[in-house]
Each structure stands twice: as C-alpha cells, then as structure tokens.
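# Fold and geometry: a report
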Amino acid sequence: GFELASRFGEIIYAAYSCNQLSTNYFVAGDPLIEGQEQAEHGLAFVRKVGSRTVEASLLGQLGVIRCLRGLTTRFGTFDDGEFCETDLERELAGNPALALSECWYYIRKLQARFFAGEYVDALQAALNAQPMVTSALPLFEFIEYHFYAALCCAATYDTASPEDRKSHLAQSGEM
C-alpha cells in the first residue's frame, strides 16, 4: 500500500500506510527492534510530508515499543531524552484536527501503563481515549482499547471502592 500510494502521489494514503504497517509489526509479535525501525521509518516519512495527524499516532506506537525495549526513563512511560509525554498531550488536547491521533496515542499509553502494572493510570488513559474510540471502529486500535481497558478494570476490581466497582462494570458494558 505504501509503495503504490507513494508512486501515485497519494501522500496521505502513504502516511496512513506507515501507521498501519507499524501497527502490524507490533501486534504480529515481530521483534521489537524491527517494529521500532518500521515506526522510525514511518515517522521520518510523515514528518517529511507534514502529516501531523499520522506523526502523533506513530509517536504513540514508537513510545510503547521503546518502553517495552527499556529505552524510556521509566518502564510504562514514553519519556526519553527526546520525547516528553506531556508536551505531546498538551498539543493534542482540544485540537479537533488531531482528535483521532489523540485517541490512538492514549490507547498506546493505556497499553504501556498496563504492561507496567500501573492499572489506575492505564484506566485514565482509556478514559482519555474513550470520546473518540468509536471513530476507530474499523481499526485494530479499537480492539486493543477494549482488550486492555477490560484487563485494567479486572486488575483493579478487587481493590476498587464500591463506586469504582460499579463504574468498572458500567464501563465494561461500554467498552
């Protein structure tokens, strides 16, 4: 898809192909170094063509891959010497043109926090993604959102307050 879109000048399709290919590497269980290389290649391309929407999505994918490889300042975060979560989150917040990218970013943050055992923070990331998650219906990120959010609800259920338990049960119906 990337090759054809690039050849015919369909830059936006080429950019989204970079994002999808990076997702495919990640969910297929390919070696993380290969997924990181693919995400970095895609990131370089979308920066070159100026697709901020896809760039933000790829930054989330790259963040979770780097986290899993132990290349971030703390396991479970995306922060490293070059990237700061709060900077991107500020940029994404309230920018309607980046709403879907914001959703994808928070799904990746949900995953990273889940892997780190930070279930409450992961659920917060899920809540941040929730307003736009229905826009991701035909995409794999939609499935990942529901899967990881449900795991976090289950992980926190026994220690949750009665109100939070009700909320988890209600959310599981929405997820």
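Report on the accompanying structure.

### Here's the deal with the packing of aromatic side chains
- Summed over all chains, the structure comprises nine aromatic pairs.
- On the basis of an interplanar angle of 80° and a centroid distance of 5.6 Å, the ring pair of Phe115 and Tyr148 is categorised as edge-to-face. Here Phe115 is found in helix H6 (residues 99-115), whereas its partner Tyr148 is found in helix H8 (residues 140-157), with 33 residues between them in sequence.
- The exposure class assigned to Phe115 is partly exposed, which follows from its relative accessible area of 31%.
- Each ring, one from Phe147 and one from Tyr148, has its centre 5.1 Å from the other, and the planes form 85°; the classification is edge-to-face.

### Observations concerning the state of the cysteines
- Here the structure, examined in full by the defined rule, presents zero disulfides.
- Distance from the sulfur of Cys103, which forms no disulfide, to the nearest cysteine sulfur (Cys152) is 15 Å.

### Here's the deal with the pattern of salt bridges
- Considering all chains together, one arrives at 13 salt bridges under this definition.
- A salt bridge links Glu91 to Arg52; the shortest N-O distance between them is 2.4 Å. Of this pair, Glu91 sits in helix H5 (residues 85-92) while Arg52 sits in helix H4 (residues 52-68), placing them 39 residues apart in sequence.
- The partly exposed category is assigned to Arg52, whose relative accessible area is 26%.
- Across the pair Arg74 and Glu118 runs a salt bridge whose closest N-O atoms are separated by 2.4 Å.

### So, the packing of H5 against H6
- Where H5 meets H6, the axes come as close as 10 Å, and the angle between the chain directions of the two elements is 150°. Accordingly, the angle class assigned to the pair H5 and H6 is roughly antiparallel. Crossing geometry of H5 relative to H6 is assigned as left-handed. Contact residues: Glu85, Leu88, Glu89 and Leu92 in H5; Ser101, Glu102, Tyr105, Tyr106, Lys109 and Arg113 in H6.

### A look at the environment of Gly50
- Inspection of the secondary structure puts Gly50 in the loop between helix H3 (32-49) and H4.
- Residue classification places Gly50 among the exposed residues on the basis of a relative accessible area of 58%.

Cut-offs applied
- Residues numbered from 1 in each chain as written.
- Predicted model: local features only at pLDDT ≥ 70, side-chain atom pairs only at ≥ 80, totals over all residues.
- Heavy atoms only, no water.
- Phe/Tyr/Trp six-rings, centres within 6.5 Å; stacked < 30°, edge-to-face > 60°.
- Helix = DSSP H or I, 4+ residues; strand = E, 2+ residues; numbered from the N terminus.
- Buried < 20%, exposed > 50% of the residue type's maximum accessible area, 1.4 Å probe, protein only.
- Disulfide = S-S within 2.5 Å.
- Salt bridge = Lys/Arg side-chain N within 4 Å of Asp/Glu carboxyl O.
- Axes fitted to C-alpha atoms, helices over the stretch in contact; angles between N-to-C directions.
- Parallel < 35°, antiparallel > 145°, perpendicular 65-115°, else oblique.
- Left-handed = near helix turned anticlockwise from the far one by under 90°.
- Contact = heavy atoms within 4.5 Å.

Coordinates in, geometry out; function isn't part of it.
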